[in-house]
Amino acid sequence: MSNDYEVYDERFNGYVLPNAPLVCLGDGFGWTEGPVWFADLQCLLFSDVPNNRVMRWTSSGGVSVFREPSQFENGHTRDRQGRLVSCSHRDRGITRTELDGTVTMLADRFDGRRLNSPNDVVVKSDGSIWFSDPPYGINTDYEGGKQIQERPATVYRLDPAGRELSIVADDLVGPNGLCFSPDEAVLYVVETGRQFDPKATQYIRAYDVEAGSQLRNGRVFHSVKPGNADGICCDQDGNLWSSAGDGVHCIAPDGTLLGKIKLPFTVSNLTFGGRNRSQLFICASHALFTISTNQRGVVFP
Ligand code: MG
């Protein structure tokens, strides 16, 4: 086994490839976030948040600018029609990039008050959009710009028609990354706590999805150490792959840490992509990395 891995449970041996190197695809960014894979275009988009741009990586062309300025976008995903859905810190809302390239604001207010700075987003199979809204993008000028907070940190659901925004969780201090289990019975939500608080509560929480549109039975699923979780994603067997201070952690559906892929920098976010969605793309501090695995990410989007 390569030095790039730490194995805590033998199941992890079957998920990684000892001869697959960790490859740096680009660096020199401010803070990378929000990777999203486009299998149809064979490209990855990811945010360079402090530099107010979204980057694109392809295996043939390397890294180029996809969108600048990006309104300090952070997390991205795709909806069931393949359209890009993004979290805008600066515009304090969720946008969708239409197939003709125009950008539509889908949600930027709740109860007449502005959202904070949506951080991460997922689309459920019914087309509903679920996202976290902590104030991290309006707390500093670095990742969006200081603005007044009007709403508590919340996890929202936008209905499939895009008309009704509802609160699905308001019991987290600083909701951040989120992802559904493959059967969509569980929503995992990372809690990163109050910014600048060294004693911030930082957990991956799990909620049961009830009636397809509500969350129940919120509970602590796992606590990542060292550092904390930020972005997360699931493989097809329901294992959770989490960002961490020392790399990527693989966590079984029962919360057991199975193993780690060690990286030299703090990891912020990650996604499966590439051939058969078995390649991890990892945003780590100022750089973008990739490593092939022997697991496959959830197939769509
Ligand atoms: Mg995040």
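Quick note: structure is the one above.
Now for a quick tour of the structure. For clarity, every value in this text was computed on a predicted model and none was experimentally measured.

Describing the coordination of the magnesium ion
Surrounding the magnesium ion are the protein donor atoms N119 (OD1), N176 (OD1) and D230 (OD), at 2.1 to 2.2 Å. Read N to C, the donor residues that coordinate the magnesium ion are spaced as N-x56-N-x53-D. Placement of N176 in strand β17 (residues 175-180) and of D230 in the loop between β20 (214-222) and β21 (232-234) is noted, with a sequence separation of 54 residues between them. Note on N176: relative accessible area 4%, which makes it buried. Take D230: its relative accessible area is 11%, and that puts it in the buried class.

Notes on the pattern of salt bridges
Applying the stated criterion across every chain yields a total of 15 salt bridges. Measuring nitrogen to oxygen at the nearest pair gives 2.9 Å for the salt bridge that ties E6 to K262. In this pair, E6 sits in strand β1 (residues 5-7) while K262 sits in strand β24 (residues 257-262), placing the two residues 256 residues apart along the sequence. On the accessibility criterion, E6 (27% relative accessible area) is partly exposed. Residue K124 is joined to D126 by a salt bridge in which the shortest nitrogen-to-oxygen separation is 3.9 Å. Residue classification places K124 among the buried positions, given a relative accessible area of 8%. The partly exposed category is assigned to D126, whose relative accessible area is 34%. Three or more residues joined by partner-sharing salt bridges are found here, namely D79, R83, R96 and E98.

Some details on the pairing of β24
Summarising the sheet, β1 and β24 pair through three bridges and their orientation is antiparallel. When the bridges of β24 are listed, V7 appears paired with G259. Bridge analysis of strand β23 (residues 247-251) against β24 gives five bridges, and the strand direction is antiparallel. Note that in β24 the partner of C250 across the bridge is G259.

Re the nonpolar core
Residues F12, W241, V248, I261, L263, L280 and I282 are the most contacted members of the largest nonpolar core, which totals 22 residues. For this core, the elements supplying multiple residues, two or more each, are β23, β24, β25 (267-273), β26 (279-284) and β27 (287-292). With residues near it in sequence (within four places) discarded, F12 still touches Y5, E6, V7, W241, C250, L258, G259, K260 and I261.

Some thoughts on the sheet that holds β25
Read from one edge of the open sheet, four strands run β2-β27-β26-β25, paired in antiparallel fashion. Both outer strands of the open sheet, β2 (23-26) and β25, are each paired with one neighbouring strand and no more. Averaged over all neighbouring strand pairs, the angle between strand axes comes to 30°, with direction disregarded. Two strands pair when backbone bridges link them, and β2 and β27 are joined in this way by three bridges, in the antiparallel orientation.

Quick look at the pairing of β27
Among the six residues that make up β27, five are buried, leaving the element largely enclosed by the rest of the structure. Pairing of β26 with β27 involves six bridges; the strand directions are antiparallel. What sits directly across from C283, in β27, is L288. Count of turn residues in the β26/β27 antiparallel hairpin: two residues, of which S285 carries a positive phi of about 55°.

Section: the environment of D79
Take D79: it is sitting in the loop between β7 (73-78) and β8 (84-88). It is 25 Å that separates the C-alpha atoms of D79 and V267, two residues lying 188 residues apart in sequence. In this structure the side chain of D79 is engaged in a polar contact, spanning 2.9 Å, whose partner is the backbone nitrogen of Q81.

Quick look at unusual backbone geometry
Residues E68 and P69 are joined by a peptide bond in cis, for which omega reads 0°. Among the structural elements, P69 can be located in the loop between β6 (62-67) and β7. Residue P226 is bonded to the preceding K225 through a cis peptide linkage, with omega at 0°. With respect to the helices, strands and loops of the structure, P226 is situated in the loop between β20 and β21. For E184, which is not a glycine, the phi torsion comes out positive at approximately 60°. When you line up the elements, E184 lands in the loop between β17 and β18 (186-191).

Structural notes on the environment of R151
The topology assignment puts R151 in the loop between α1 (136-139) and β15 (154-158). The spacing of R151 and A20 is 131 residues in sequence and 45 Å in space, taken between C-alpha atoms. If near-sequence neighbours (up to four positions away) are discounted, R151 is found in contact with F110, R113, R114, N116, Y156 and I167. Only 3.0 Å separates the side chain of R151 from the side chain of Y156, close enough to count as a polar contact.

Rules used throughout
Residues numbered from 1 in each chain as written. Predicted model: local features only at pLDDT ≥ 70, side-chain atom pairs only at ≥ 80, totals over all residues. Heavy atoms only, no water. Donors = N, O, S within 2.8 Å, 3.2 Å for Na, K, Ca; no water. Helix = DSSP H or I, 4+ residues; strand = E, 2+ residues; numbered from the N terminus. Buried < 20%, exposed > 50% of the residue type's maximum accessible area, 1.4 Å probe, protein only. Salt bridge = Lys/Arg side-chain N within 4 Å of Asp/Glu carboxyl O. Pairing = 2+ DSSP bridges. Core = buried A, V, L, I, M, F, W, Y, C linked by side-chain atoms within 4.5 Å. Contact = heavy atoms within 4.5 Å. Axes fitted to C-alpha atoms, helices over the stretch in contact; angles between N-to-C directions. Polar contact = N/O pair within 3.5 Å; in protein donor to acceptor, adjacent residues only side chain to side chain.

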